[in-house]
Amino acid sequence: MGGKMKALVKDKRGFGAVLAEVDIPSIADDEVLIKVKATSICGTDVHIYKWDKWASSRVNPPYVFGHEFSGEVVQVGQNVAGVQIGDSVSAETHIVCGRCMQCLLGNAHICQKTKIIGVDRMGCFAEYVAVPAQNIWKNPNHLSHDVACLQEPLGNAVHTVLNDSIAGKSVLVIGCGPIGLMAVAVAKASGASLVIAMDVNEYRLSLAKDLGTHIVLNPLEQDPLEVINKLTSGNGIDVVCEMSGQPTAMNQGFKMVANGGRVSILSLPTTPVSIDVTNDIVFKGVTVQGITGRKMFSTWYTVSNLLAGNQLNMNELITHRLPLEDYEKGFELMMEGKCGKVVFILE
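These numbers come from a predicted model, not from an experiment.

(A) Examining the pairing of strand E6 (residues 88-91) more closely. Neither face of E6 is exposed, since Ser88 and Ser90 on one face and Val89 and Ala91 on the opposite face are all buried. In this structure, strand E5 (residues 68-76) lies alongside E6, joined through two bridges in antiparallel fashion. In the sheet register, Glu72 faces E6, and the bridge partner there is Ser88. In terms of strand pairing, E6 meets strand E10 (residues 136-138) through three bridges, oriented antiparallel. When the bridges of E10 are listed, Ser90 appears paired with Trp137.

(B) Looking closely at the pattern of salt bridges. Applying the stated rule across the entire model yields 11 salt bridges. Taking the shortest distance from any N to any O, the salt bridge between Asp23 and Lys4 comes out at 2.7 Å. Remark: Lys4 occurs in strand E1 (residues 4-10) and Asp23 occurs in strand E2 (residues 18-23); sequence separation between them is 19 residues. Taking the relative accessible area as the measure of exposure, Asp23 reaches 51% and is therefore exposed. With a closest N to O distance of 3.5 Å, Asp87 and Lys138 form a salt bridge. Of this pair, Asp87 sits in the loop between E5 and E6 while Lys138 sits in strand E10, and the two are 51 residues apart along the sequence.

(C) The arrangement of the environment of Val286 in detail. Mapping Val286 onto the fold places it in the loop between helix H10 (277-282) and strand E16 (287-290). Val286 gets classed as buried once you look at its relative accessible area, which sits at 11%. For Val286 and Pro323, which are 37 residues apart along the polypeptide, the C-alpha to C-alpha distance reads 45 Å. Once residues within four sequence positions are removed from consideration, Val286 is found in contact with Val257, Ala258, Gly261, Val263, Asp280 and Ile281.

(D) Examining the UniProt feature "domain: Enoyl reductase (ER)" (unreviewed entry) in the protein more closely. The UniProt entry lists residues 16-344 under the feature "domain: Enoyl reductase (ER)" (unreviewed entry), expressed in the numbering used here. Regarding residues 16-344, the helix share stands at 30% and the strand share at 26%, and the terminal C-alpha atoms are separated by 17 Å.

(E) How the structure looks around helix H7 (residues 202-210). Every buried residue of H7 is listed here: Arg204, Leu205, Leu207 and Ala208. Down the axis of H7, the sector holding all buried residues measures 155°, keeping them to one side. Residues Lys209 and Asp210 are exposed on H7 and point more than 90 degrees away from its buried face. In this structure Asn201 caps H7, since a side-chain oxygen of it lies 2.9 Å from the backbone nitrogen of Tyr203. Two residues or fewer after H7 comes Gly212, characterised by a positive phi angle close to 110°.

(F) View of the nonpolar core. Counting 42 residues, the largest nonpolar core has Leu154, Val171, Leu312 and Met314 as the members making the most contacts within it. For this core, the secondary-structure elements that each account for two or more residues are helix H4 (145-148), helix H5 (151-161), strand E11 (170-174), helix H6 (178-189), strand E12 (194-198), H7, strand E14 (237-242) and helix H11 (298-308). Element by element, the count of residues in this core is highest for H6, at eight residues. In this structure, Ala17, Val32, Ile48 and Ala133 belong to the second largest nonpolar core, which totals 40 residues.

Calculation criteria
- Residues numbered from 1 in each chain as written.
- Predicted model: local features only at pLDDT ≥ 70, side-chain atom pairs only at ≥ 80, totals over all residues.
- Heavy atoms only, no water.
- Buried < 20%, exposed > 50% of the residue type's maximum accessible area, 1.4 Å probe, protein only.
- Helix = DSSP H or I, 4+ residues; strand = E, 2+ residues; numbered from the N terminus.
- Pairing = 2+ DSSP bridges.
- Salt bridge = Lys/Arg side-chain N within 4 Å of Asp/Glu carboxyl O.
- Contact = heavy atoms within 4.5 Å.
- UniProt positions renumbered as here; feature names shortened; annotations may be inferred.
- Arc of directions from axis to C-beta.
- Polar contact = N/O pair within 3.5 Å; in protein donor to acceptor, adjacent residues only side chain to side chain.
- Core = buried A, V, L, I, M, F, W, Y, C linked by side-chain atoms within 4.5 Å.

Shown next, in the form of C-alpha cells:
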C-alpha cells in the first residue's frame, strides 16, 4: 500500500511510548495486511511501557508494540489462500516455526522458536498491522470489534482454566487483572461449583462479582488459608489459577490447593518464588501446569463457541474505550488497576 499511518511506538529503552507517524507495513507473499479497528492493552504491554526488567531483556526499541486486536483485511499476499479482502479477523499472536519437535507433535503453542507480534516484531497499536496468513482467525460478522479483540487474552484464560475438567469443582483465581477476571467468567460458564476470586484491589474484586464469582477474597482483610479451609471443610481447592505473579499469593495458592488438585500458572513472577515442594506439591500429589499462550487452534474454537453461545459477556469486562491518542490515560488506568479491559478504538 505504501504511505504513513498513526502508531504507538516504544521509542526508547525507558518508561513510556510516543504516538508517531510511521510507514504502513509491507506484506510478504504469505502475509495479510489488516486495518486495525480495535486493540486492547495487555499486561505484557504494560511491562513494555513501564520498561521493567523483563522488557529490558526482551524487546528492542524503537518499534510498534501491542498484540491484541481485531480488524479488516485490506491486502493479501500472492501466496495466501483462505483469507480475503474484507474479512473480519483477529490473530493468534504467537508465530511458530512448524518444524521443531513441539510443533510436529501438535504442541505449537510451546514452539521453541516462537516469535510474538508486538514483542519480537511490529505490533498492532497502529492503524495497520501485517500478520502471517496462517495466524489469522476469521471472526463472525456479528461480533463487534471491541469484543473480538479480546479473544487472544480470553484464550489465555480458557487455556488456564480448562486445561483439565472443572465441572463440579471448586476454582480459585488468584489475581483479578483482566485475564484473571476472564478466568472467573470462564470458570463460572464452564460448570465450576464454586468460584473464588482473590485480589487486594477492591475495584477489580467488584468486577469479579459482576462476572459471576461466588466469593471474593481480599488477603489484606482476611487470612485466605483460613477462609479456604472453612469453605472447603478442610479439603482445599480443586483448581488454583495463578494470575497474580505475586510470590506470597503464589505460595498461598500451593498451600490452599487440595490433595490431588491442580495449580495452573499463567502469571510471570519477576523474582524467584519459594515453594515448599515436598509438602505442598509432592506429598499432596498436585499437578502443576505452566500455561503459555493458547493451544493452536483448539483454544480459539473454544473461545469462539463460548462467545457464540452467549456464555460469556465480555462487554462487562470492557470498562474503557478510548482513542489511540489517549494512550497515556489507558496505560495509567492499567498501572493503577482502576479498570477492567482498556480498548483503543481506531474506527
